[in-house]
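Next come the chains, spelled out residue by residue.
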Amino acid sequence: MLFFDANATTPCCDEAVSALLPFLQQHFGNVSSSHALSHAPLAALASARASVAELVGARPSDVVFCSCATESINSFIFCLAERHPSGHIVAGATEHVAVLAALDRVRSRGVRITLVDAELDGRVLPENVAAACEMDTVLVSLMLANNETGAVNDIPRIAALVRERASALGADTPFLHSDCAQAAGKIPVDLARLGVDAITLAAHKLYAPKGIGATIFREGARRPSPLLVGGNQECGARSGTENVPYAAAFGAAARVSIEQLASGAGEATAKLRGRFAVALKRAADASGIAVALHGPLRDAFAACDEGALAANVPQALPNTLSVAFPGGNASSIVANLASALAISAGSACHAGVDKVSHVLKSMRVDLAEARGTVRVSIARGTSEGDVDAAVTLLVRAAIDGRADTK
Ligand code: PLP
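Residues numbered from 1 in each chain as written. Predicted model: local features only at pLDDT ≥ 70, side-chain atom pairs only at ≥ 80, totals over all residues. Heavy atoms only, no water.

Caption draft 1: Representation of the site of the ligand. Near the ligand the following residues occur: Cys-68, Ala-69, Thr-70, Ile-73, His-96, Met-143, Asn-147, Asp-179, Ala-181, Gln-182, His-204 and Lys-205. Asp-179 has a polar side-chain atom sitting 2.6 Å from a nitrogen atom of the ligand. Contacts to the ligand include Gln-182, whose side-chain N or O atom sits 2.9 Å from an oxygen atom. When the ligand sits alone it has 390 Å² of accessible area, and the protein chains cover 88% of it. Looking at the shell around the ligand element by element, the count peaks at three residues for helix α3 (residues 69-83). (Near = heavy atom within 4 Å. Polar contact = N/O pair within 3.5 Å; in protein donor to acceptor, adjacent residues only side chain to side chain. Areas by Shrake-Rupley, 256 points an atom, 1.4 Å probe, with all protein chains shown as cover. Helix = DSSP H or I, 4+ residues; strand = E, 2+ residues; numbered from the N terminus.)

Caption draft 2: The arrangement of the pattern of salt bridges in detail. If you walk through the whole model with that rule in mind, you get 18 salt bridges. Between Asp-62 and Arg-59 there is a salt bridge, with its nearest N and O atoms 2.9 Å apart. The salt bridge involving Arg-218 is made with Asp-197; its shortest N-O contact spans 2.6 Å. Placement of the pair is Arg-218 in the loop between β8 (213-217) and α8 (244-262) and Asp-197 in the loop between α7 (191-194) and β7 (198-202), with a sequence separation of 21 residues. (Salt bridge = Lys/Arg side-chain N within 4 Å of Asp/Glu carboxyl O.)

Caption draft 3: Focus on the state of the cysteines. The full count for this structure, using the stated rule, is zero disulfides. Residue Cys-12 stays outside any disulfide, its sulfur separated by 7.0 Å from that of Cys-13, the closest cysteine. Residue class for Cys-12 comes out partly exposed when judged on its relative accessible area of 34%. Here Cys-235 is not cross-linked by a disulfide; its sulfur's nearest cysteine counterpart is in Cys-66, at 15 Å. Accessibility expressed as a relative area gives 84% for Cys-235, which makes it exposed. (Disulfide = S-S within 2.5 Å. Buried < 20%, exposed > 50% of the residue type's maximum accessible area, 1.4 Å probe, protein only.)

Caption draft 4: Structural context of the side chain of Asn-153. Relative to the helices and strands, Asn-153 resides in the loop between β5 (137-141) and α6 (155-169). Residues contacting Asn-153, with those up to four places away along its chain left out, are Arg-123, Val-124, Leu-142, Met-143, Leu-144 and Ile-158. (Contact = heavy atoms within 4.5 Å.)

Caption draft 5: Structural view of empty space enclosed by the protein. All told, the structure shown has three cavities of 30 Å³ or more when counted by the stated rule. Put simply, the second largest cavity is a space of about 50 Å³. Considering the residues around the second largest cavity, the lining is formed by 13 residues, among which Thr-149, His-294, Pro-296, Leu-297 and Thr-320 are closest to the centre. Looking at the lining of the second largest cavity, the elements with two or more residues in it are β9 (292-294) and β10 (320-324). Among the elements that take part in the lining of the second largest cavity, β10 stands out by supplying three residues, more than any other. In terms of residue class, the lining of the second largest cavity is made up of six nonpolar, six polar and one charged. (1 Å grid on protein atoms, 1.4 Å probe; cavity = no way out; pocket = protein on both sides within 12 Å on 5 of 7 lines; lining within 4 Å. Points joined across faces, edges and corners; volume = space filled by probe spheres on them. Nonpolar A, V, L, I, M, F, W, Y, C, P; charged D, E, K, R; others polar.)

Caption draft 6: Looking closely at the nonpolar core. Ranked by size, the top nonpolar core spans 68 residues in total, and within it Phe-65, Ile-199, Leu-201 and Ile-216 carry the most contacts. With nine residues, α8 is the largest single contributor of residues to this core. Core analysis: the next-biggest nonpolar cluster, separate from the first, contains 34 residues, Leu-2, Leu-309, Val-387 and Ala-397 among them. (Core = buried A, V, L, I, M, F, W, Y, C linked by side-chain atoms within 4.5 Å.)

Caption draft 7: Spotlight on the sheet that holds β9. Pairing in this open sheet of three strands is antiparallel, and the strands run β9-β10-β12 from one edge to the other. On the outer flanks of this sheet lie β9 and β12 (373-377), each paired with one strand and no other. Pairwise comparison of adjacent strand axes, ignoring direction, gives a mean angle of 35° for this sheet. Pairing of β9 with β10, which is carried by three bridges, proceeds in the antiparallel orientation. The partner of Leu-293 across the bridge, within β10, is Val-323. Its contacts with the sheet put helix α9 (residues 265-287) on β10 and β12, and the angle it makes with β10 is roughly 15°. (Pairing = 2+ DSSP bridges. Axes fitted to C-alpha atoms, helices over the stretch in contact; angles between N-to-C directions.)

Caption draft 8: Molecular detail of a nonpolar patch on the surface. A surface patch of nonpolar side chains, about 260 Å² in accessible area, is lined by Val-17, Leu-21 and Leu-24. Residue position: Leu-21 is located in the loop between α1 (14-20) and α2 (39-55). In this structure Leu-21 comes out as partly exposed when scored by relative accessible area, which is 49%. (Patch = residues over 30% accessible without salt bridge, like charges linked within 9 Å, V, L, I, M, F, W, Y side chains within 5 Å.)

Caption draft 9: Focus on the side chain of Ser-362. With respect to the secondary-structure elements, Ser-362 resides in helix α13 (residues 358-362). Of the polar contacts made by the side chain of Ser-362, one reaches the backbone nitrogen of Ala-118; its length is 3.0 Å. Beyond its immediate stretch of four places on either side in the chain, Ser-362 contacts Ala-93, Thr-94, Asp-117 and Ala-118.

If you want it as structure tokens, here you go:
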């Protein structure tokens, strides 16, 4: 099975597995216990916190572990909405459903929501985000990298313009949040440079287990009240007995990601992405089927600009391609490939639901193109041979899909 679905999830790296195992049986203690069984888990938790903090340039004391990115995101939205029941929230229309569904819930309770559409390149214009802010905007939430298109938003500029807008309005600066679940481990994430109050991470997107995530606050940020209350773990920021095995694995995987990014993994992945895109264009052209890319590499693909497609540019994740076969059916392409090539139609969270992606709708992508769009996301350890084989399979499936619909 060729795995090209790394934006859905990733396998645990060896380092994460080795870090996790001792805390299942040998060092099983509860961090909150007063006896010696708490010592090793406590030390592991501290070390994991330091590694995750280092991945995003934060202080360990500003890292709050939680169960997943969804929990982190939900907690901001629910807690700020509870505090400001008639307030206003601004978010990107291309955000993950973890944001959009939480916004739907608070909207039904009276909070006003403005969703800012993306441009055709998949990115949200910072000026549009700032313009959407009002006197009573309490939260602005914009993802760093989009899970479907790989488009990377200019979060530093968004944060700067939102602050300027609040000050021009004479309003309090809204809480600024960025969902960095898809960005972390793939591109450098630096909390201070982003200029937001908090970011969200999901461990399983960076070769650690599912079931753990983190919220990381800017030093000195005003923190919304916690979603989970109880035993006051995580310094009161998130109650619930700490998941030490998974935190240890998250820390180990974060460390590997730091090393990988420093040793040029982003550039190497972008080269593979370029190879995929160029081979795809050539194979589709040779077979007479139409193909296009959505997102930041759209024009480079149309022009078959090999250099641009293989470059690790700031506006695109190096591993993601949103591939459109206009007139095709993404669900049947993905289903036909299911045992040979793992890709997805839109995001995995929508799997099985045959509807047009809200991300592509927001970008005002043509419907026939959107319905035929699959997401290819390259994983660590992928070879050039894997890329070539995946392209062959994908183009064959697109051709077969076309024959089926005739
Ligand atoms: N945010 C983004 C951008 C994602 O891609 C995902 C998962 O696909 C999430 C949030 C939610 O992550 P989880 O399901 O692990 O909570």
